[in-house]
Amino acid sequence: MNSDHQADSATGNDTTTQGDRVLIFDTTLRDGEQAPGFSMSRTQKLRMARALADLGVDILEAGFPAASEDDCASVKAIAAAVRGPRICGLARCQASDIESVARAIEPAQKGRIHIFLATSPLHREFKLQMSRQQVIDTAVAGVERALACCDDVEFSAEDALRTEPEFLAEVFSAVIAAGAGTVNVPDTVGYTTPIEIAERFAWLYANVRGADSVVFSAHCHDDLGMAVANSLAAISAGARQVECTINGIGERAGNAALEELVMALRVRSDHFGGLHSAIRTQRLHATARLLSQITSQPIARNKAVIGANAFAHESGIHQHGMLKHRGTYEIMRAEDVGVSRSELVLGKHSGRHALRERLAALGHELDDAALDDVFTRFKSLADRKREVFDADIEAMALGRDPEAVGPWHLSHLHATSHVGASASASVRLSHDDGRVVSEAAIGDGPVDAVLRAVTRAVGHDFSVDEFHIRALSEGGDAQGQAAIRVIHEGRELRGQSVSTDIVEAAANAILEIANRIEHLHADAPPAATVFAR
Ligand code: KIV
Ligand code: ZN
């Protein structure tokens, strides 16, 4: 069904054939990042892109360059720095969009331009106001324009699953004739079912001219909770590329979760006739946790494959069975997805070597300078806390986002709370330009008071849209992670900080946002990356 040539062009491997490979197209940094609550700074995207390359994704969709200058710069930075996956950028079927992708992916070793155009009757009539013929002409012109800039072009028919099958086949036949190497069938609104999508793929193969010469791809959203099931059904019916995101993040209910797709293919390879991906599954856990930390969005305990409960066995009957034979209640091994069963908890007597080992087990390979920095902070934390857990170490390894470091720094904080009366907080901040500003505020609790005091001191106009505090680990001395989201001039900005003192964590989280705003206004390049990898 799929030509070896196309698969090779996607993987960049000219000596092997795709055979029974399913290409993993990761869109965490595009479809995932565009969902509310998941925005990332350029440095954070770069860090995530490196982790995705280590994970072994085949195609990495790094962003939508025409959407903003920030997005464009991020795609370019990833294209310049990340080796391994094919670096892809999204574009509408418009010359200016396509040219921005071409410029952004220019430094990549292997690039792809991904163009899309809606094909369903609803979109044609109400969004595009285009006839069928105009849709075909625009799609073909888009492919031709993209091919003039890049030899690897993917075409997506937005809302394909609600498009008349005959018309969809016409569009795909036309873009294949124009030179598209991958045709993507998005279930844009998460509307389809496994049986329906399998039938649609089979029908398309039989009715699209040139189907044999391209890779068919599935891109499923999770509005009805079927994105993974639908993607797997599409694979069974011939799709050899699936588009997915880490932790299933994405528009509305999200996209198909990469870790679930990959493990389903692996655990049930009997059912999928030996089809497999090239993902290094032992890196799944670390990659999922990295994304969770960067975005301050916790992973549900019961999340398949990577949730904290995924390999926990509480009930007596299950534990009894597991002791006799792990296979009684376990279909995959924790080690296969990178969950370490180590009981090791670090404390103040642990040395640099033990810390390095633990970091490596968690998927963080730090250079010597970064390790020194983490070790100093680890020692200081271990003095305050009896046991240092994995989540504490991960938070340290992640470091601070350079785009949120300075010019404001917290130099003093005092907060009080009183039962039955307002809480108060006073702060002193210093600015790199030499200013020192002191402010005080009262609030509904010490966290509210400190947020008000810092906001007043930095003099920016923003109101807190979302605020979360969660304990990173167990015990009364656990570190608290404060995560704040504000909307500033229409842009989502997030800050986070970790401390054993949650009021201090809240102050530093809001300060991160103030610093992001200063960086934006100054349009200054961000400070040097704290941890080079
Ligand atoms: O969901 C969708 O239709 C998309 C396309 C741009 C591929 O994300
Ligand atoms: Zn999508």
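Here the structure is a predicted model, which means the values were calculated and not measured.

Thresholds, definitions, all that
- Residues numbered from 1 in each chain as written.
- Chains lettered and ligands numbered in written order.
- Predicted model: local features only at pLDDT ≥ 70, side-chain atom pairs only at ≥ 80, totals over all residues.
- Heavy atoms only, no water.
- Axes fitted to C-alpha atoms, helices over the stretch in contact; angles between N-to-C directions.
- Helix = DSSP H or I, 4+ residues; strand = E, 2+ residues; numbered from the N terminus.
- Parallel < 35°, antiparallel > 145°, perpendicular 65-115°, else oblique.
- Left-handed = near helix turned anticlockwise from the far one by under 90°.
- Contact = heavy atoms within 4.5 Å.
- Nonpolar A, V, L, I, M, F, W, Y, C, P; charged D, E, K, R; others polar.
- Donors = N, O, S within 2.8 Å, 3.2 Å for Na, K, Ca; no water.
- Salt bridge = Lys/Arg side-chain N within 4 Å of Asp/Glu carboxyl O.
- Buried < 20%, exposed > 50% of the residue type's maximum accessible area, 1.4 Å probe, protein only.
- Domains from an automatic or database assignment.
- Buried area = accessible area lost by both parts, 1.4 Å probe.
- Expected span 1.5 Å × (residues − 1).

## So, the packing of helix α9 (residues 194-207) against helix α10 (residues 227-236)
Step number 1: Running from N to C, α9 and α10 point in directions that differ by 30 degrees, and their axes come no closer than 8 Å. Regarding the angle of α9 to α10, the classification is roughly parallel. The way α9 lies across α10 gives a crossing that is right-handed. Mapping the contact onto sequence places Pro 194, Ile 197, Ala 198 and Phe 201 in α9 and Ala 229, Asn 230, Ala 233 and Ala 234 in α10.
Step number 2: Among the residues making up the contact of α9 with α10, the classes are represented as seven nonpolar, one polar and no charged.

## Let's talk about the coordination of the zinc ion (ligand 2)
Step number 1: The coordination sphere of the zinc ion (ligand 2), as far as protein atoms go, consists of Asp 31 (OD), His 219 (NE2) and His 221 (NE2), spread over 2.0 to 2.1 Å.
Step number 2: Mapping the donors of the zinc ion (ligand 2) onto the primary sequence gives the spacing D-x187-H-x1-H. With Asp 31 in helix α2 (residues 28-32) and His 221 in the loop between β7 (215-220) and α10, this residue pair connects regions lying 190 residues apart in the sequence.

## A look at the pattern of salt bridges
Step number 1: Going through the model one piece at a time under the given rule, you end up with 35 salt bridges.
Step number 2: Note that Lys 303 and Glu 260 form a salt bridge whose closest N and O atoms lie 2.4 Å from each other. A residue pair is termed long-range when its members are at least 10 positions apart, and Lys 303 in the loop between α12 (284-295) and α13 (316-324) and Glu 260 in helix α11 (residues 258-267) qualify at 43 residues.
Step number 3: The exposure class assigned to Lys 303 is buried, which follows from its relative accessible area of 16%.

## Observations regarding the domain arrangement of the chain
Many descriptions give the size of an interface as the accessible area lost when the pieces come together.
Step number 1: Domain annotation for the chain reports domain 1 (18-295), domain 2 (316-398) and domain 3 (403-523).
Step number 2: Relative to domain 2, the C-alpha centre of domain 1 lies at a distance of 34 Å.
Step number 3: Opposite the 14 residues of domain 1 that make contact, domain 2 presents 15 residues.
Step number 4: Between domain 1 and domain 2, the buried area comes to about 1200 Å², and carbon and sulfur atoms account for 53% of it.
Step number 5: Its largest share of buried area at the contact with domain 2, domain 1 owes to Arg 47, His 285 and Gln 293, together 37% of the area lost on that side.
Step number 6: At the boundary of domain 1 and domain 2, one finds two salt bridges.
Step number 7: Salt-bridge contacts for Glu 394 lead to Arg 289; the nearest nitrogen and oxygen are separated by 2.7 Å.

## Points about the packing of helix α14 (residues 352-361) against helix α16 (residues 390-398)
A pair of packed helices is captured by two measures, namely the crossing angle of their axes and the spacing between those axes.
Step number 1: Contact pair α14 / α16: the axes reach a minimum separation of 10 Å and the direction vectors enclose 90 degrees. What the angle tells us is that α14 and α16 run roughly perpendicular. The segment α14 lies against α16, with Leu 355, Arg 358 and Leu 359 engaging Asp 390, Ile 393 and Ala 397.
Step number 2: Looking at side-chain class alone, the contact of α14 with α16 contains four nonpolar, no polar and two charged residues.

## A short note on helix α17 (residues 446-458)
Residues separated by three or four positions in an α-helix point in the same direction, a consequence of the helix having 3.6 residues per turn.
Step number 1: Over its 13 residues, α17 extends 18 Å from the first C-alpha to the last, a length consistent with the 18 Å expected when each residue adds 1.5 Å.
Step number 2: For α17, the set of buried residues is Val 447, Ala 449, Val 450, Leu 451, Ala 453, Val 454, Thr 455, Ala 457 and Val 458.
Step number 3: Of the residues one or two after α17, Gly 459 is the one with positive phi, at around 70 degrees.

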